[in-house]
There are 2 protein chains.
Amino acid sequence: MTYCVGLKLDRGLVFAADTRTNAGVDNIATFKKLKIWEKPGERVFALMSSGNLAITQSVVSILSEQIASHSNKGPTLMSVDTLFQAARVVGSAVREVRALDGEALAASAENFYVTFIFGGQIMGEEPRLFQIYSAGNFIEATDDTMFFQIGEHKYGKPILDRVTRHDMRLGEAAKMALLSFDSTLRSNLSVGMPIDLLLYNTDSFSAERQKRISRDDPYFQELSAGWSNALRKAFTEIDEFEI
Amino acid sequence: MTYCVGLKLDRGLVFAADTRTNAGVDNIATFKKLKIWEKPGERVFALMSSGNLAITQSVVSILSEQIASHSNKGPTLMSVDTLFQAARVVGSAVREVRALDGEALAASAENFYVTFIFGGQIMGEEPRLFQIYSAGNFIEATDDTMFFQIGEHKYGKPILDRVTRHDMRLGEAAKMALLSFDSTLRSNLSVGMPIDLLLYNTDSFSAERQKRISRDDPYFQELSAGWSNALRKAFTEIDEFEI
């Protein structure tokens, strides 16, 4: 499985993705699921993926080849004017992969299943965040729903539901996302470290605030231990149930 | 959906079940999913159910009718000597319902899907706890795995994974179970209050420590608000993430 979270806040966007892929429980590998494209000073995109790895890698390759190709005449992430158009470019790439591989997958009784969180900013617009489905269609985050999760989303949802505020600092939101990962990692083997993080500040048009967080990262270790202690302390401070 | 938790601890057993059933999101009702049978001073059983309500109710009815019937010659919950045998009686009831309804369900393209948490104590044995599957087979809780969850188990698993200890007091375990429910209720509409609770003390052979906890229960309100405040406070006490 996978776990990815994307947040759209007043100050920008936060992306966090695990790196575990597995075909069954006995075939586990590490793949980066957070792909970034940028033209510094003008546009930044981040794409996080869940689902069939062959499909998600093909989508990423198609999007990158479109940008690199000189003969490509269609819209690309680097040529579109809005994030909405960019999300349509991603959706079209999903449909292209389905056209290429869908029938063969069906013949092997494999579902064509992928989900993406896609966001970023193009000069002239606010940052935007989308969730893109297997059909290539998508929804956009709003002030009411400030985050999207894909993959194993349930373990880490309670902390996001409780703590997310639109006026959070990005470092605060990253801390929250890492706690959401910590809960998921403890309870589900199909989600694994390292975690790739991107903090995108509105109007920075730069993806420089990136970090890969490994299991022995001192900040993550402190956060994980501190949270456990705090939870246990909070737990003891609540009265016991009595009948 | 449903959410139920059963715990087997040194001091006894804890059972907690929500009461929401739904056929789609526009047909929601309240049904008790915690059924108790007891012969005070000798044996106590509790059964919590998840899955198709028609099936789970049929299983409960069969088990109750077996006990009430004078002509019944097979084993019943009141006649067996061990919890293992009692779990087999429950499993047989599941198979009986499949024999009665399975074909008709399949004809309507409905799955025969149920899961139970079943536990209790019979004089002469320690308390025991089982998870029973649609096939009527089952697994038993051990010192390594002290709890079972059925239904929407993911939201509420992190707190159980962190806090469960075999030497907990039952009131402490009930508090933990209610916090696990609180997280689930906040994040998933298909789980709903009231919550039915049973605390079974080892060798009490009595099911008197039962309570139904409604949304306006003062203890639950305090627990829910206190936990939210404690989590927010714990959150602020952890350093922010910086890149």
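The structure under discussion appears in the preceding block.
Residue positions within a chain follow its written sequence, with the count starting from 1. Throughout, the order in which chains and ligands are written sets their labels, letters from A for the former and numbers from 1 for the latter. At least 70 in pLDDT is required for a residue's local features to be given in this predicted model, at least 80 for side-chain atom pairs to be given and counted, and no such filter applies to totals for whole chains, interfaces and linings, which use all residues. The side-chain quantities take in all heavy atoms of the structure and omit both hydrogens and water.

Participant: Whenever I open this one, the overall build of chain A confuses me. Can you help?
Facilitator: Summing up its helical and strand segments, chain A has 5 helices and 12 strands in all. In terms of overall size, chain A behaves like a compact globule, its C-alpha atoms giving a radius of gyration of 19 Å where 243 residues would be expected to give roughly 18 Å. Structurally, chain A occupies a C-alpha span of about 70 × 45 × 35 Å along its principal axes. With a 1.4 Å probe rolled over the protein chains alone, any residue whose accessible area is under 20% of its type maximum counts as buried; one over 50% counts as exposed, and the rest are partly exposed. Counting the 243 residues in chain A, one finds 56% classified as buried. By definition in these notes, contact holds between two residues if any of their heavy atoms fall within 4.5 Å. Put simply, of all contacts in chain A between residues at least 6 apart along the chain, 64% involve residues at least 24 apart. Both charge centroids of chain A, one from 26 positive and one from 31 negative side chains, sit 2 Å from each other. A run of H or I in DSSP counts as a helix once it spans at least four residues, and a run of E counts as a strand once it spans at least two, with each numbered from the N terminus. Every radius of gyration here is taken over C-alpha atoms, with the globule rule written as 2.2 Å times N^0.38, N being the number of residues. Charge counting treats Lys and Arg as positive and Asp and Glu as negative, with His and both chain ends excluded. Charged groups are reduced to one reference atom each: NZ for lysine, CZ for arginine, CG for aspartic acid, CD for glutamic acid.

Participant: Would you take a moment to explain the sheet that holds strand 10 (residues 147-151) of chain A for this structure?
Facilitator: Each strand in a sheet pairs with its neighbour through backbone hydrogen bonds, running either in the same direction (parallel) or in the opposite one (antiparallel). All names here are of chain A. For two strands to be treated as a pair, DSSP must find at least two bridges joining them. Read across the open sheet, the 5 strands follow the order 10-1-2-11-12; overall the sheet is antiparallel. In this open sheet, the two strands that pair with only one neighbour each are strand 10 and strand 12 (210-213). In this sheet, adjacent strand axes meet at a mean angle of 10° when their direction is disregarded. Helix axes are fitted only over the stretch in contact, all axes being lines through C-alpha atoms; the angle between N-to-C directions runs from 0 to 180 degrees.

Participant: How should I be thinking about the packing of aromatic side chains in this particular structure?
Facilitator: The way to describe two aromatic rings as a pair is by their centre distance and the angle between their planes. In this scheme Phe, Tyr and Trp rings, the latter by its six-membered ring, pair at centre separations within 6.5 Å, and the angle between planes marks the pair as stacked below 30 degrees, edge-to-face above 60, and tilted otherwise. One pass over the structure, following the stated rule, counts 10 aromatic pairs over all chains. With a centroid separation of 5.6 Å and 65° between ring planes, the pair formed by Y219 of chain A and F241 of chain B is classed as edge-to-face. Note that Y219 of chain A is positioned in helix 5 (residues 218-237) and F241 of chain B in the segment after helix 5 (218-237), a pairing that runs across two chains. Looking at Y219 of chain A, the relative accessible area reads 17%, which means it is buried. Classification of F241 of chain B as buried rests on a relative accessible area of 1%. Ring centres of F130 of chain B and F138 of chain B lie 5.3 Å apart, and the angle between their planes is 80°; this geometry places the pair in the edge-to-face category. Through a chain of ring-to-ring contacts, three or more aromatic side chains come together here, namely F84, F130 and F138 of chain A. By definition, being over a ring means that NZ of Lys or CZ of Arg is both within 6 Å of the ring centre and within 35 degrees of the ring normal. Over the face of the ring belonging to F235 of chain B we find K175 of chain A, whose NZ or CZ atom lies 4.1 Å from the ring centre.

Participant: Would you mind showing me how to read the environment of N22 of chain B here?
Facilitator: Residues and elements named next belong to chain B. The residue N22 is located in strand 3 (residues 20-22) in this model. Through-space distance from the C-alpha of N22 to that of I195 is 16 Å; in sequence the pair is 173 residues apart. If near-sequence neighbours (up to four positions away) are discounted, N22 is found in contact with M1, N27, I28 and S190. Polar contact is defined as a pair of N or O atoms within 3.5 Å, subject to the rule that within protein one atom must be able to donate a hydrogen and the other to accept it, and that residues adjacent in sequence are counted only when both atoms are side-chain atoms. Only 2.6 Å separates the side chain of N22 from the backbone nitrogen of M1, close enough to count as a polar contact.

Participant: Would you mind showing me how to read the side chain of T164 of chain A here?
Facilitator: Residues and elements named next belong to chain A. By the element assignment, T164 lies in the loop between helix 3 (157-163) and helix 4 (170-187). One polar contact links the side chain of T164 to the main-chain carbonyl oxygen of L160, over a distance of 2.6 Å. Once you skip the residues sitting within four places of it in the chain, T164 turns out to touch L7, L9, M146, F147, I159 and M176.

Participant: Before we go on, may I ask you to explain the relation of the copies chain B and chain A in this structure?
Facilitator: Note: a rotation about an axis with an accompanying shift along it relates these two copies of the chain. A residue counts toward the fit only if its pLDDT is at least 70 in both copies, and the copies are then superposed by least squares on the C-alpha atoms of those residues. Of the transformation superimposing chain B on chain A, the axial component is 0.0 Å and the angular component is 180°, with the fit at an RMSD of 0.0 Å. In short, the pair behaves as if placed about a two-fold rotation axis. Rotation axis and chain B: the residue whose C-alpha lies nearest the axis is Y155 of chain B, separated from it by 2.3 Å. Comparing interface residues between copies, 98% of those in chain B also lie at the interface in chain A; the contact surface is shared.

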